[in-house]
Amino acid sequence: MRPLFGTVEYFEQKIDTYLTNKKLKNKEKHIKEIVSKLEREIRHDFICHERIRKECLNNLFKVSKRTAAMQ
């Protein structure tokens, strides 16, 4: 079963998949780029209630911090 959009698990999977597929050297830089793109999409392209938007962004930032700390 796939994780629901906007959950912590969803963002973890997206970041992990991207980094694994690209086999990148400077992962921290790429994590910031991925998070920036996802944040932009959530803020400007994703049509939803503001409460859901904030929850998605909070989950994205949690994953960002956790993933950066692991690198």
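The structure reproduced in this document is the subject of the present report. (Residues numbered from 1 in each chain as written. Predicted model: local features only at pLDDT ≥ 70, side-chain atom pairs only at ≥ 80, totals over all residues. Heavy atoms only, no water.)

With respect to the pattern of salt bridges
Defined as follows: Each reported salt bridge corresponds to a side-chain nitrogen of Lys or Arg within 4 Å of a carboxyl oxygen of Asp or Glu. A helix here means a DSSP run of H or I that spans at least four residues, while a strand means a run of E at least two residues long, and both kinds are numbered starting from the N terminus. Only protein chains enter the accessibility calculation, which uses a 1.4 Å probe. A residue is then buried if its area is under 20% of the maximum for its type, exposed if over 50%, and partly exposed in between.
Considering all chains together, one arrives at four salt bridges under this definition. Two residues, Glu12 and Arg66, come together in a salt bridge whose shortest N-O distance is 2.4 Å. Highlighted residues: Glu12 in helix α1 (residues 8-22) and Arg66 in helix α3 (residues 50-70), separated in sequence by 54 residues. What makes Glu12 partly exposed here is its relative accessible area of 30%.

Some remarks on the packing of α1 against α3
Formally: Here an angle of 0 to 180 degrees is reported between the N-to-C directions of two axes, which are lines fitted to C-alpha atoms, with helices fitted over the stretch in contact. An angle below 35 degrees is read as roughly parallel, one above 145 as roughly antiparallel, one from 65 to 115 as roughly perpendicular, and any other as oblique. Crossing handedness is defined as follows: a turn of the near helix away from the far one that is anticlockwise and smaller than a right angle gives a left-handed crossing, while the clockwise case is right-handed. Contacts are assigned to residue pairs that have any heavy atoms within 4.5 Å of one another. Residue classes follow a fixed rule: Ala, Val, Leu, Ile, Met, Phe, Trp, Tyr, Cys and Pro count as nonpolar, while Asp, Glu, Lys and Arg count as charged, and any other residue, Gly among them, counts as polar.
Between α1 and α3, whose axes approach to 9 Å, the crossing angle comes to 50°. On the basis of the axis angle, α1 is oblique to α3. The chirality of how α1 crosses α3 is right-handed. Counting all contacts with α1, which are made through Val8, Phe11, Glu12 and Ile15, the residues of α3 involved are Cys56, Asn59, Leu60, Lys62, Val63, Arg66 and Thr67. Here the residues of the contact of α1 with α3 are counted per class, giving six nonpolar, two polar and three charged.

Re the packing of aromatic side chains
Rule in force here: When the centres of two rings from Phe, Tyr and Trp lie within 6.5 Å, Trp using its six-membered ring, the rings pair. Their planes under 30 degrees apart give stacked, over 60 give edge-to-face, and anything left gives tilted.
Inspection of every chain in the model, using the stated rule, returns four aromatic pairs. Look at Phe5 and Phe11: their rings are 6.1 Å apart centre to centre, the planes differ by 65°, and that puts the pair in the edge-to-face class. Under the relative-accessibility criterion, Phe5 is labelled partly exposed at 39%. For the pair Tyr10 and Phe11, a centre-to-centre distance of 5.4 Å together with 75° between the ring planes defines the contact as edge-to-face.

Things to note about the nonpolar core
Selection criterion: By convention a nonpolar core is built from buried Ala, Val, Leu, Ile, Met, Phe, Trp, Tyr and Cys residues, the set being connected through side-chain atoms within 4.5 Å.
The biggest cluster of nonpolar side chains holds 14 residues, and the ones touching the most others in it are Phe11, Ile15, Ile42 and Leu60. Residue assignment for this core shows that the elements contributing at least two residues are α1, α2 (27-44) and α3. Among all residues touching Phe11, those that are not within four sequence positions of it are Gly6, Leu38, Ile42, Cys56, Asn59, Leu60 and Val63.

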